[in-house]
Amino acid sequence: MKPFYLILFASIIAIQAYSQNAVISGRVIEQSTKNPIPFANVILLADKSDKVLTGIITEDDGRFVLKGLNEGNYTINISFIGYETKTIPVLVGKLNETFDLGKIELQTSSENIDEVIVSAKREIVSSGLDKKSFNIENNISQAGGSAMDAMRNLPGITIDPEGKVLLRGSDKVTVLIDGKQSSLTGFGNQKGLENIPASNIERIEIINNPSAKYDSKGLAGIVNIIYKKENESGFNGDIGLNIGVGELTSRKENLPNIMDKYSFTPKLNPAVNINYRSKNINLFLQSDGMVRKRVNTNEFTTRTYTNGNPDINSQFLENRTQQLYNIKGGFDWFIDDNNKLTLFALFEDEYHIDRGHVPYDYASDGSRKRFWTWAEDENTRFINYAANFSHAFKEPGHTIEAGFLYTKGGEDELFPFTDSSAVRNSTDETHLLVDEIVTDLNLDYVKPLRSGRFEVGSKVQLRKIPISYKINPGVNSILDPNLGEWSEYNEDVYAVYANLVHESKTFDVEGGIRAEQTTVSYDIDPANIYYTKNDAYNYLELFPNIRVTLKLNDKNRISAFYNRRIDRPGEFELRPFPKYDDPEILKTGNPYLRPQFTQTFELAYKTLWDNGSIYFAGFYRRIDDIFERVYTNDTTASTTIINTIPQNLGKGTNLGFEIALEQKITEKWDMNGSFNWYANTINAFSGTSIYPYPQTFSFEESKSNTWNFKLNSNLELPFQTNFQLSAVYYAPNIIPQGKIKERYSIDFGLKKQALKGKAEISLSATDLLNTFAIRKTIFGDGFDLTADNYYETQVITLGMKYKF
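What comes next concerns the included structure. (Residues numbered from 1 in each chain as written. Predicted model: local features only at pLDDT ≥ 70, side-chain atom pairs only at ≥ 80, totals over all residues. Heavy atoms only, no water.)

**Examining the pattern of salt bridges**
Thinking step 1. Summed over the entire model, instances satisfying the criterion amount to 41 salt bridges.
Thinking step 2. The salt bridge involving Asp 215 is made with Arg 514; its shortest N-O contact spans 3.0 Å. Of this pair, Asp 215 sits in the loop between strand 13 (201-207) and strand 14 (221-227) while Arg 514 sits in strand 25 (residues 507-524), and the two are 299 residues apart along the sequence.
Thinking step 3. Relative accessible area serves as the criterion here: at 19%, Asp 215 is assigned to the buried category.
Thinking step 4. A residue is classified by how much of its surface remains accessible, and Arg 514, at 2% relative accessible area, is buried.
Thinking step 5. Taken together, the salt bridges that share partners define one network made up of Asp 215, Asp 440, Lys 459, Arg 514, Glu 516 and Arg 568. (Salt bridge = Lys/Arg side-chain N within 4 Å of Asp/Glu carboxyl O. Helix = DSSP H or I, 4+ residues; strand = E, 2+ residues; numbered from the N terminus. Buried < 20%, exposed > 50% of the residue type's maximum accessible area, 1.4 Å probe, protein only.)

**Things to note about the nonpolar core**
Thinking step 1. Counting 36 residues, the largest nonpolar core has Trp 372, Trp 374, Phe 417, Ile 467 and Tyr 580 as its most contacted members.
Thinking step 2. Excluding residues within four positions of it along the chain, Tyr 580 makes contact with Trp 372, Phe 415, Phe 417, Thr 430, Tyr 469, Ile 478, Leu 479, Asp 480 and Leu 586.
Thinking step 3. The next biggest cluster of nonpolar side chains, apart from the first, holds 33 residues, and it includes Met 148, Leu 193, Ile 225 and Phe 699. (Core = buried A, V, L, I, M, F, W, Y, C linked by side-chain atoms within 4.5 Å. Contact = heavy atoms within 4.5 Å.)

**A word on the sheet that holds strand 12 (residues 173-177)**
Thinking step 1. With respect to topology, four strands assemble into an open sheet ordered 9-13-14-12, the strand pairing being mixed. Each edge of the sheet is formed by a strand with only one pairing partner; in this case those strands are strand 9 (131-135) and strand 12. Neighbour-to-neighbour, the strand axes of this sheet turn through a mean angle of 20°, independent of strand direction.
Thinking step 2. Pairing geometry for strand 13 and strand 14, over six bridges, is antiparallel. Residue pairing for strand 14: Glu 205 is matched across the bridge by Asn 224. (Pairing = 2+ DSSP bridges. Axes fitted to C-alpha atoms, helices over the stretch in contact; angles between N-to-C directions.)

**Topic: the pairing of strand 34 (residues 669-682)**
Thinking step 1. Within strand 34, 10 of the 14 residues are buried, leaving the element largely enclosed by the surrounding structure.
Thinking step 2. Of the strand pairs in this sheet, strand 33 (residues 651-666) and strand 34 are connected by 14 bridges, and their pairing is antiparallel. Bridging across to strand 34, Ala 660 finds its partner in Ser 674.
Thinking step 3. A loop of two residues connects strand 33 with strand 34, the two strands running antiparallel in sequence.

**What about the packing of aromatic side chains?**
Thinking step 1. Inspection of every chain in the model, using the stated rule, returns 25 aromatic pairs.
Thinking step 2. Here Tyr 605 and Phe 616 contribute two aromatic rings whose centre-to-centre distance is 6.4 Å and whose plane-to-plane angle is 20°, an arrangement assigned as stacked. Remark: Phe 616 occurs in strand 30 (residues 612-624) and Tyr 605 occurs in strand 29 (residues 596-609); sequence separation between them is 11 residues.
Thinking step 3. Note on Tyr 605: relative accessible area 25%, which makes it partly exposed.
Thinking step 4. Accessibility expressed as a relative area gives 35% for Phe 616, which makes it partly exposed.
Thinking step 5. Taken together, the ring pairs in this structure connect Phe 316, Trp 372, Trp 374, Phe 415, Phe 417 and Tyr 580 into an aromatic cluster.
Thinking step 6. Above the plane of the ring of Tyr 537 lies Arg 594, whose end atom (NZ or CZ) is 3.9 Å from the centre. (Phe/Tyr/Trp six-rings, centres within 6.5 Å; stacked < 30°, edge-to-face > 60°. Lys NZ or Arg CZ within 6 Å of the ring centre and 35° of its normal.)

**Overview of a nonpolar patch on the surface**
Thinking step 1. Side chains of Phe 235, Ile 239, Val 272, Ile 274, Tyr 276, Leu 283, Leu 285, Tyr 325, Ile 327, Leu 755, Tyr 802 and Phe 804 sit close together on the surface and give an oily, nonpolar patch of about 1,000 Å² of accessible area.
Thinking step 2. When contributions to the nonpolar patch are tallied by element, the ones reaching two or more residues are strand 15 (234-246), strand 16 (265-277), strand 17 (281-305) and strand 18 (312-334).
Thinking step 3. No other element matches the three residues that strand 16 contributes to the nonpolar patch. (Patch = residues over 30% accessible without salt bridge, like charges linked within 9 Å, V, L, I, M, F, W, Y side chains within 5 Å. Areas by Shrake-Rupley, 256 points an atom, 1.4 Å probe, with all protein chains shown as cover.)

**Considerations on the sheet that holds strand 32 (residues 641-648)**
Thinking step 1. Spatially, 28-32-31 is the arrangement adopted by the three strands of the open sheet, whose pairing is mixed. Unpaired on one side and paired on the other, strand 28 (585-587) and strand 31 (627-634) mark the two borders of the sheet. Along the sheet, successive strands turn relative to each other by an average axial angle of 30°, direction set aside.

This is the structure:
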C-alpha cells in the first residue's frame, strides 16, 4: 500500500467542463389570420426583479432570436399595438442549447403558454449524452506526449498492458476524431493514438452513455478527440517545438550477451498550425512531426512447466527508432447565413525500425537454449477525406447535415528474424500488407421543440480489409506454410435512428432507438488448411437508449440510464496469420470471431456547492458472446509454443462505480480526484480452438475485482506560471487465466506565459519514480508464466510555443 499513500499526497490538473449560452427563438403571428406580425416587441426580463435585460423586434416574417442567456429564470413579454401582451415564463436549464417557442399567437385575450426549459450548459449527470470534456492544453503534466499519454490521467480511463484505452475497465471503447471514426484511431484497434501529438488536441470528450445518434459500437462508450481549430478572424496560428528525453533509469539488468537497451532516448516534436478566417471562408492547416527513439518493450519472462519441460527465463527487448508526420488541412465555406460546406483531409505517414533480441535461457543453470533476433521495418499510412454540408433553418438549432467520409489505413511490415539454437540457425521472413478501407455516408436532422429536441438520421458504413501475407522460409523454418497468402474481410452496416429529448422543471427524459442491418463476409485463401471455409452472415439488431433525470433542486440531480451496444472484432483480432516477434508466444487472429452485445444499466448522482462538486455513478453490464484471448499450449510443435487466439466465450458481466470530486481550495489552487472500482466476470466456458489443430479449452468462472485512483492538482504561481502534479494508481487486476499486479505513476508539469500571452514555455515529466511497469502472471494448461515489462514510461519534455 506504500504507493497508494504516495498518491494520497500527490495532486493535479484542473479539468474544466465545456459550457455554452442558450438561444431562444420563436415566431409571432396573429391568432385569427395566422399571418406573421413584424416589428412586435420582444422583451426579456429577470424573473424576480422585472429588470429589462435585453429586447428585440420581430422581423418581416414574425421571427425573433434571443442569444447569450445564462442559467436562470426569465420572463419574455411580447407586445404589439392593438394586441394584448403575451407573457411567457422561461427557465434556462441544463439540457438543450437551443429552444424553439414555436408560433406565438397574439390575440385580444391573453393565453399562457406552458413553461419551457432551455439548456445553457451540459452537466455530467443531466446530459443525455453524458459528455465530460477535458481541456488538454491545460493538462501540462502530459505536455509533449501523445494522445495516449494525455488520456492517462483522465477520470475513468486506464491504459492496459497492450496499450489499449480502457473506459471503466473495458477496452471495448470507440475512439473518434472530431466526432468521426478514423483509420488513425482504428475501427478495432487504437495503435494510432500513440502517433497523435497531444499538442494538436484541443480537448477530449468522454461519453459513457451515447444516444442513438452515435454508432452502436463500443460497450464502454466513446472517447472523442477534438482537434484544435481557430475561430479568430484574419491570419493566425502558432508554431511549437517539444524536445524530450526518456529512459533515464533502468529497473533491471539485461540477460547476458544481447544488445544494449536504449538509454536517454531523444524525442523531437515540431508543430505548425495556420488559420485564415474571413466572412465567407475559414482555411486551416495543421502539421506536426515526430522523431524519437524509445524502448518499446523490455519484458522479462519466466515460464514454469508442469509437464516435464525445463523452466525457461527470457527477455523480450525491442528498441524502436521512429519518425512520423501528420497533416490536416481544409476549409469551411460559409455559403450564406444558413449554409456551410466543410472539406478537409487528414494524412499520417509513420515509419519505424524495431530491433529485437529475445534470449531463452534455462532457469536451472543459465545456459542458452535459444536466441531470437529480428529487424522489423514497418510503414503505416492513414488517409482521411471528409466532406460535410449543413443547412441551418431560420429557427436556431434547426439543422440538417449530410456527411461523407473515406478513410484508409495501411500497414506494410517486412519482418526478417533469425533463430539460433541447437536445432537450427537460420533466418525466416514474413511480409504483411494490410489495408483497412472504410466509406461512410450520413444524414442527420435536428428539430428544436417546445421543451426539448427531436433528432433523426441514417448512416451507411462500408468496411473492407484485404490482407496479403508472404513468407520466405529459411532452413528448418518454423514458419507455417499452410496458412495461404491472403484473406479479405467485408462488413456493410446500414443504420437509421431517432432520438427525442424532453425537459421540464422537475425531470428530463431522453429516449432513442437505432436499427442496424449488418452484412459480413470473410474470404480466406483456399490454401489455408485450418480455416477451410469462407465465413458469411448477416443480422438486424435494435439498439435502444433511455435516460431519465430527476431534478431534486438546482444543485442535486439523479439520472438513470439504459443502452444496448455492440462490439465488432477488429482487424488484428480477425487476422489469421501469426505474429512471430516472440516465437514461443504466437498471437494469431480468429476469422470466425463473432461480435459481442452488451446491455448497460447505470444510476448517477451529482451535487454542487459553491466551490466544487461530487459525482457518483454505478453501472452494471450484461455481455453476450464476449470475446477474449485464450492461451493454449501447442504440444505438437518441435519447440514449446503457446498460442493466444481470441475466442467467443459465452456470457459475462461488469459491475462498477465511479466517483469524481472537484474542489477549489483557494483562488489560485484547485484539485480534483477520481476513484473507479469495477468487477468483471466471465462465466465458466469450454470451446475448441481451430489453430494450429483442433484443441479443446475450458476454464472455470473468471472474476476480477480491481480499482484505480487519480488525484490531480493545479496551482497558479506568480509571473503567469502554472504548476501541476498528478498521480495515478492502478490496483491489482485479475484477468482471464491470470493476474496483473499494481502499478502507479507520479507526473508533473510547469508552464509559463510570456510576451503578453503570445508565447509559452513548458516543462513536464512522466513517471518520475519509474514505477509504471506492467507485471503479470498467466496460469495455463501445463504451464505458468510470469512477465515483468519495463517498457519506457519515464520521459522529460521541454516545450515552446508562439502564437501569431
